[in-house]
Amino acid sequence: ATDSTMTEPNTVAIPIVYGSISFWLGKKADDQNSHKWVCYLRGLNGEDLSWFIDKVVFTLHPSFRNPVRTISSFPFEIQETGWGEFEIAIKIFFKQDYIDQPLEFFHGLKLYPTASNVTQSTKKPVVAENYDEIVFVNPSTAFVKLWEEKRLSSGPAIVAPTQSRMEEEAPNRDNPAGGDNEPSKMTDLSPYYTKFDEKAHRVLLEDALAFIKAEIIKVRDKINDVDQDIVRLRSSK
């Protein structure tokens, strides 16, 4: 199970990973369908997050037919084929008002290797993943209890992308980002997952938060200085 911890009083931070994995189709590639890919939101170790996530909405390039895809069960993912790279919006909705407003992340779909010395391969996919944390402030006692039960009792639940998703999604005919062919079922992608160091990334997130707080204080101090200057100017008239 993930090593999520109470980072501070009345706060629970749950790590998530969002991203994509794409495979070049090799000899099967054509102008409209050069790659098959999957975009997803997952737990740090691939575990099921549906105990607190109600649904995830993926918004693709508008040229796709049915560009807004709503996934209401684990695994939270979509599969497609295409040739173009673009930004995908990933909006997370929560159960039982755990968080009032949905959270939205943006992921840049990667189909092609970025290194100049790396060639495309049908066996080695292009993986693009991002680590983040969902922070629950002042969660209810019931939420904390359920969270602790999940941490202690559930191991990593790695699953292959579901083949039934495509039954809910129309083919992308005549769009510039994807082609006519429906993606074939992908095998278990867990071996390609990035191995994130949760503690190291948490330190980075905490450092970033501390920097932002410090910058806010600096801005407030500058505003106070300007306000004082205004008061002095007015009183001198």
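What counts, and where the lines are drawn
Residues numbered from 1 in each chain as written. Predicted model: local features only at pLDDT ≥ 70, side-chain atom pairs only at ≥ 80, totals over all residues. Heavy atoms only, no water. Patch = residues over 30% accessible without salt bridge, like charges linked within 9 Å, V, L, I, M, F, W, Y side chains within 5 Å. Areas by Shrake-Rupley, 256 points an atom, 1.4 Å probe, with all protein chains shown as cover. Salt bridge = Lys/Arg side-chain N within 4 Å of Asp/Glu carboxyl O. Helix = DSSP H or I, 4+ residues; strand = E, 2+ residues; numbered from the N terminus. Buried < 20%, exposed > 50% of the residue type's maximum accessible area, 1.4 Å probe, protein only. Polar contact = N/O pair within 3.5 Å; in protein donor to acceptor, adjacent residues only side chain to side chain. Core = buried A, V, L, I, M, F, W, Y, C linked by side-chain atoms within 4.5 Å. Contact = heavy atoms within 4.5 Å. Pairing = 2+ DSSP bridges. Axes fitted to C-alpha atoms, helices over the stretch in contact; angles between N-to-C directions.

Peer 1: Explain a nonpolar patch on the surface here, please?
Peer 2: A cluster of nonpolar residues, Phe211, Ile212 and Ile216, forms a patch on the protein surface that exposes about 300 Å² of accessible area. Tracing the backbone through its elements, the reader meets Ile216 in helix H2 (residues 198-236). A relative accessible area of 39% means that Ile216 is categorised as partly exposed.

Peer 1: I would appreciate a short explanation of the environment of Arg69 in the present structure.
Peer 2: Relative to the helices and strands, Arg69 resides in strand E4 (residues 68-71). What makes Arg69 buried here is its relative accessible area of 1%. Along the sequence, Arg69 and Thr59 sit ten residues apart, while their C-alpha atoms lie 6.4 Å from each other. Within the structure, Arg69 has its side chain in polar contact with the backbone oxygen of Asn66 (distance 2.3 Å).

Peer 1: Can you help me understand the nonpolar core in this one?
Peer 2: The nonpolar side chains of a soluble globular protein tend to be buried with one another. One finds Trp37, Phe52, Ile53, Ile88, Phe94, Phe136 and Phe143 to be the most contacted residues of the largest nonpolar core, which totals 33 residues. Taken together, the elements giving at least two residues each to this core come down to strand E1 (11-24), strand E2 (35-43), strand E3 (53-59), strand E5 (76-82), strand E6 (87-94), strand E8 (126-137) and helix H1 (141-153). Other than its neighbours up to four places away in sequence, Ile88 contacts Trp37, Cys39, Phe58, Thr59, Leu60, Phe105, Phe106, His107 and Leu109. Of all hydrophobic cores here, the second largest spans six residues; its members include Ile21, Val38, Tyr40 and Leu189.

Peer 1: Explanation requested: the side chain of Glu80 in the structure shown.
Peer 2: Assignment of secondary structure puts Glu80 in strand E5. Side chain to side chain, Glu80 and Arg69 meet in a polar contact 2.9 Å long.

Peer 1: Explain unusual backbone geometry here, please?
Peer 2: Among all residues except glycine, the phi angle is most often negative; among peptide bonds, the trans geometry is most common. Across the junction of Phe74 and Pro75, the peptide omega takes the value 0 degrees, indicating a cis bond. Mapped onto the secondary structure, Pro75 falls in the loop between E4 and E5. Positive phi, close to 50 degrees, is recorded for Asn138, a residue that is not glycine. Position of Asn138 among the secondary structure elements: in the loop between E8 and H1. The exposure class of Asn138 is exposed, given its relative accessible area of 54%.

Peer 1: Just to check I follow, could you spell out the sheet that holds E5 for this structure?
Peer 2: The pairing of strands in a sheet comes from backbone hydrogen bonds and takes either a parallel or an antiparallel form. A sheet is described by the order of its strands in space; here four strands give the open sequence E5-E2-E1-E8, paired in antiparallel fashion. At either margin of the open sheet sits one strand with a lone partner, and together these are E5 and E8. The average undirected angle you get between the axes of adjacent strands in this sheet is 15 degrees. Sheet topology places E2 next to E5; seven bridges connect them, and they run antiparallel. By the bridge assignment for E5, Tyr40 is matched with Glu77.

Peer 1: How should I be thinking about the sheet that holds E4 in this particular structure?
Peer 2: With respect to topology, four strands assemble into an open sheet ordered E4-E3-E6-E7, the strand pairing being antiparallel. Strands with a single pairing partner mark the edges of an open sheet, and in this sheet they are E4 and strand E7 (103-108). Taken pair by pair, the neighbouring strands of this sheet meet at an average axis angle of 20 degrees, ignoring direction. For E6 and E7, the ladder comprises six bridges, and the chain directions are antiparallel. Considered in E7, the bridge of Ile92 is made with Leu103.

Functional significance is not addressed by these values, which are geometric in nature.
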